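# Observations on the model geometry
Each chain, letter by letter, is given below.
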Amino acid sequence: MATKRTTTKPPPPALVPVEPAPCQPCNGSGNVPVTVRVGRKRRPVGQQDGLCLNCLGSGTDPDA
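The notes below deal with the structure included here. By convention here, each chain's residues receive numbers from 1 onward along its written sequence. With pLDDT at 70 or above as the cut-off, local features in this predicted model cover only qualifying residues; side-chain atom pairs require 80 or more to be listed or tallied, and sums for whole chains, interfaces and linings still use all residues. Side-chain calculation: all heavy atoms of the structure are included, whereas hydrogens and water are not.

## What about the overall build of the chain?
Check the secondary structure of the chain and you find zero helices and two strands. Relative to the compact-globule value of 11 Å for 64 residues, the chain shows a C-alpha radius of gyration of 25 Å, a clear excess of over 25%. Taken along its principal axes, the extent of the C-alpha atoms in the chain is 90 × 20 × 10 Å. For each residue, the accessible area found with a 1.4 Å probe, counting protein chains only, is set against the maximum for its type, and the residue is called buried under 20%, exposed over 50%, and partly exposed in between. Counting all 64 residues of the chain, 12% fall into the buried class. Only four residue types enter the tally: Lys and Arg on the positive side, Asp and Glu on the negative side; His and the chain ends are excluded. Each charge is placed at NZ for Lys, CZ for Arg, CG for Asp and CD for Glu. Placing the 8 positive and 4 negative side-chain charges of the chain at their respective mean positions leaves the two points 8 Å apart. Put simply, DSSP H or I for four residues or longer makes a helix, DSSP E for two residues or longer makes a strand, and each gets a number counted from the N terminus. Each radius of gyration reported is based on C-alpha atoms, and the globular scaling rule is 2.2 Å times the count of residues to the power 0.38.

## Looking at the nonpolar core
Definition of nonpolar core: a set of buried residues of the types Ala, Val, Leu, Ile, Met, Phe, Trp, Tyr and Cys, connected through side-chain atoms within 4.5 Å. Counting five residues, the largest nonpolar core is built from C23, C26, V32, C52 and C55. The contact criterion used throughout is that any non-hydrogen atoms of two residues lie within 4.5 Å. Beyond its immediate chain neighbours, meaning those up to four positions away, C23 contacts G28, C52, N54, C55, G59, T60 and D61.

## Here we look at the environment of A21
Position of A21 relative to the elements: it lies in the segment before β1 (31–38). Sequence-wise, A21 and Q48 are 27 residues apart; in three dimensions their C-alpha atoms are separated by 25 Å.

## Looking at unusual backbone geometry
Even without glycine at this site, N27 takes up a positive phi of about 55°. By the secondary structure assignment, N27 is in the segment before β1. Residue L56 is not a glycine yet carries a positive backbone phi of 55°.

Structure below.
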């Protein structure tokens, strides 16, 4: 004869949307500073914005 189950299953946990973590190198902006070099000696003259290669400009952490 089968035994009767006296306990019930716990309810499933509430599904809360998780916000993705910001990317560390660009702090979620998608842009990183890139040094501009000129001349034969390749001396640095300034910086410009470049695409973050970690998240490819999305601003979210790809490992999260």
